[in-house]
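These are the residues of each chain, in order.
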Amino acid sequence: MPRVIHTAEQRPSPIPGRRALLGTLLGLTLLSPARAMSLLALPRPLRPPSAPEDFRPPRPGMADRVLVRKAERRLYLLRDGVVLHSYAIALGFQPLGHKRREGDGRTPEGRYRIDWRNPASRFHRALHISYPGPGDRLRARLHGDDPGGAIMVHGTGPDTNRSGDWTAGCIAVDNAEIEQIWSLVADGTPIEILP
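Only a predicted model underlies this, so the values are computations on that prediction, with no experimental measurement involved. (Residues numbered from 1 in each chain as written. Predicted model: local features only at pLDDT ≥ 70, side-chain atom pairs only at ≥ 80, totals over all residues. Heavy atoms only, no water.)

J.: Looking at this structure, I do not really get the nonpolar core. What am I missing?
T.: If you look at the biggest cluster of nonpolar residues, it comprises 24 residues, and the most contacted ones within it are Leu 75, Leu 77, Ile 129, Ile 171, Ile 181 and Ile 191. Only strand E1 (65–69), strand E2 (74–79), strand E4 (110–121), strand E5 (124–129), helix H4 (175–184) and strand E8 (190–194) provide two or more residues apiece to this core. In terms of residue count, H4 provides more of this core than any other element does, four residues in total. (Core = buried A, V, L, I, M, F, W, Y, C linked by side-chain atoms within 4.5 Å. Buried < 20%, exposed > 50% of the residue type's maximum accessible area, 1.4 Å probe, protein only. Helix = DSSP H or I, 4+ residues; strand = E, 2+ residues; numbered from the N terminus.)

J.: When you look at the packing of aromatic side chains in this model, what are you seeing that I'm missing?
T.: Each pair of aromatic rings is reported with the distance of its centres and the angle of its planes. The tally for this structure, following the rule as stated, stands at two aromatic pairs. Ring geometry for Phe 123 versus Trp 166: centroids 5.8 Å apart, planes at 50°, classification tilted. Of the two residues, Phe 123 sits in the loop between E4 and E5 while Trp 166 sits in the loop between strand E6 (152–154) and strand E7 (171–172), which places them 43 residues apart along the sequence. Overall, the relative accessible area of 13% leaves Trp 166 in the buried class. Sitting over the ring of Trp 182, Arg 117 keeps its end group 4.7 Å from the ring centre. (Phe/Tyr/Trp six-rings, centres within 6.5 Å; stacked < 30°, edge-to-face > 60°. Lys NZ or Arg CZ within 6 Å of the ring centre and 35° of its normal.)

J.: I would appreciate a short explanation of the pairing of E5 in the present structure.
T.: Regular strands place side chains that alternate from one sheet face to the opposite one. When E4 meets E5, the two strands line up antiparallel, connected through five bridges. Looking at E5, one finds that Ile 114 is bridged to Ile 129. If you look at the hairpin formed by E4 and E5, you'll find two residues sitting between the two strands. The pairing of E5 with E6 spans three bridges and is antiparallel. What sits directly across from His 128, in E6, is Met 152. (Pairing = 2+ DSSP bridges.)

J.: Would you mind showing me how to read unusual backbone geometry here?
T.: If a residue is not glycine, its phi is most likely negative; likewise, a peptide bond is most likely trans. In this model, Tyr 131 is joined to Pro 132 through a cis peptide bond whose omega is 5°. Positionally, Pro 132 belongs in the loop between E5 and helix H3 (134–142). Even without a glycine there, the phi angle at Asp 80 is positive, about 55°. Assignment of secondary structure puts Asp 80 in the loop between E2 and strand E3 (82–88). The exposure class of Asp 80 is exposed, given its relative accessible area of 64%. Its identity is not glycine, yet His 124 carries a phi of approximately 75°, on the positive side. Here His 124 is to be found in strand E5.

Without other data, these values stay purely geometric and don't point to any function.
Quick look at the structure:
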């Protein structure tokens, strides 16, 4: 059997145990974020994330920010700090707190981006939220969990006949509203989800 020789960049990183990882984390506080990420073997972003204020909508009248207030069950589309539209929302079936792991029924909290869209979602249309971020992955890894993913702002399916919080962690609006959101929110738009 041929011997496999890895270069430093190709060598698979071992996943340390919890105690070793905690010790590593204490040492990482003195390192740059890029170096810390490489030591933890977290995936690097394809490009450095830009600050939310760097985003410019591609067309006039489009939102430059999406704000979700979970306690209010409201999603707001904003442009230059002014509310363009507001929508009632449904959240994950366990709405309190930040999403920690796959299957916990929680909607994430924090700053993310709308990074891609699905025009043929089983929930009419869907805008993907960039969860999990590096911090979410690290937090889940520390607890031995999968952070989950596929968090979307979406409509309802043909057989969705629910009230209250019913999603698996997504943010749901009705189908007419997701059509409007779809047309006013470009990929790359920052989204902030507050408790």
